[in-house]
Structure formats: C-alpha cells, structure tokens
Amino acid sequence: MAYVFDNNVPLYLQVIDIIKKQIIAGIYRPGQQLESVRALAGEFEINPNTIQRALQELENQNLVFSQRTRGRFVTDNLDLIREERYKMSQVLIKESIEALYSLGFDKEEIVEAYKKILFEEE
C-alpha cells in the first residue's frame, strides 16, 4: 500500500497515527504480532529508525508491547483500544464541526446535517 505523507508533520507521528487507526479498526487484532521493523519500513517505504521510533511511542501508549526475541504485539487490553477509538472519534467530530462552523453553519444546522446523513444511510 502506498502511503502519502504530509511534509509538515514528522513521519514517525504519521506512522503512529496509521498503526493506531489499524489497531482501532481491527486490522491488527488484540494480541496479534506486528510485522518486523524492517518489514514495516519496507511497507511504509521509510527508514527503519523512523518505524522504531513510532513503535516505541506506541509501546509508551501501551497499544503495543514487546516480547524479547519474539517481536511486538498489539495489546490485549480491549478497554484501552475502545478508549483510543473514542478519543479518535472525538477529534474527528470536533474537526468536522469546526469545518461546518467555518462554512457558516450554526449548531442547529449542524445537528440537522448530521441527522440527515446518519438516518439517510440506514
């Protein structure tokens, strides 16, 4: 998969975001082993040191853990994954609302717009 990176944001932060989204979305399942640093570097087409830095930060956030000589694994902590999913949803919703405000929508119009989208798709 070809990733498009933003030159204004450090690469390792973008890699953290991508892997975190993959964990939250269930692409990486709880307890699943991640690919090696070299394999991930090849997939992302970036330096292994950048991948290492991103994985270290994901370990600091307890989303992944290391097992000596075996590699890195996704956390089994489903509550943590749900919490991260919720946090990410709040960021996306706030960004969406801010964008709508910048277009001149008021609160009632935003609520109606969300309702229309949510209930039309059913």
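An unreviewed UniProt entry annotates the protein chain as Transcriptional regulator, GntR family originating from Peptostreptococcus stomatis DSM 17678.

With that settled, consider the pattern of salt bridges. Under the definition given, this model contains 7 salt bridges. Glu59 is the salt-bridge partner of Arg72, the closest N and O atoms lying 2.5 Å from each other. Taken together, the residues span a long stretch of sequence, with Arg72 in strand 2 (residues 71–74) and Glu59 in helix 3 (residues 48–60) at a distance of 13 residues. Judged by its relative accessible area of 12%, Arg72 is buried. Glu84 serves as the salt-bridge partner of Lys87, at 3.5 Å between the closest nitrogen and oxygen.

Positive phi, normally seen in glycine, also occurs at Glu45, with a value near 60 degrees. Within the secondary structure layout, Glu45 lies in the loop between helix 2 (37–44) and helix 3. Non-glycine residue Asn62 carries a positive phi angle of around 65 degrees. Among the structural elements, Asn62 can be located in the loop between helix 3 and strand 1 (64–67).

Here the focus is helix 2. The complete set of buried residues in helix 2 reads Val37, Leu40, Ala41 and Phe44. Projected down its long axis, helix 2 shows its buried positions confined to an angular sector of 105 degrees, all on one face.

With respect to the helices, strands and loops of the structure, Thr75 is situated in the loop between strand 2 and helix 4 (78–102). Within the structure, Thr75 has its side chain in polar contact with the backbone nitrogen of Asn77 (distance 3.0 Å). Thr75 has contacts with Pro30, Gly31, Asn62, Leu63, Val64, Phe65, Leu80 and Ile81, leaving out every residue within four places of it along the chain.

Calculation rules
Residues numbered from 1 in each chain as written. Predicted model: local features only at pLDDT ≥ 70, side-chain atom pairs only at ≥ 80, totals over all residues. Heavy atoms only, no water. Salt bridge = Lys/Arg side-chain N within 4 Å of Asp/Glu carboxyl O. Helix = DSSP H or I, 4+ residues; strand = E, 2+ residues; numbered from the N terminus. Buried < 20%, exposed > 50% of the residue type's maximum accessible area, 1.4 Å probe, protein only. Arc of directions from axis to C-beta. Polar contact = N/O pair within 3.5 Å; in protein donor to acceptor, adjacent residues only side chain to side chain. Contact = heavy atoms within 4.5 Å.

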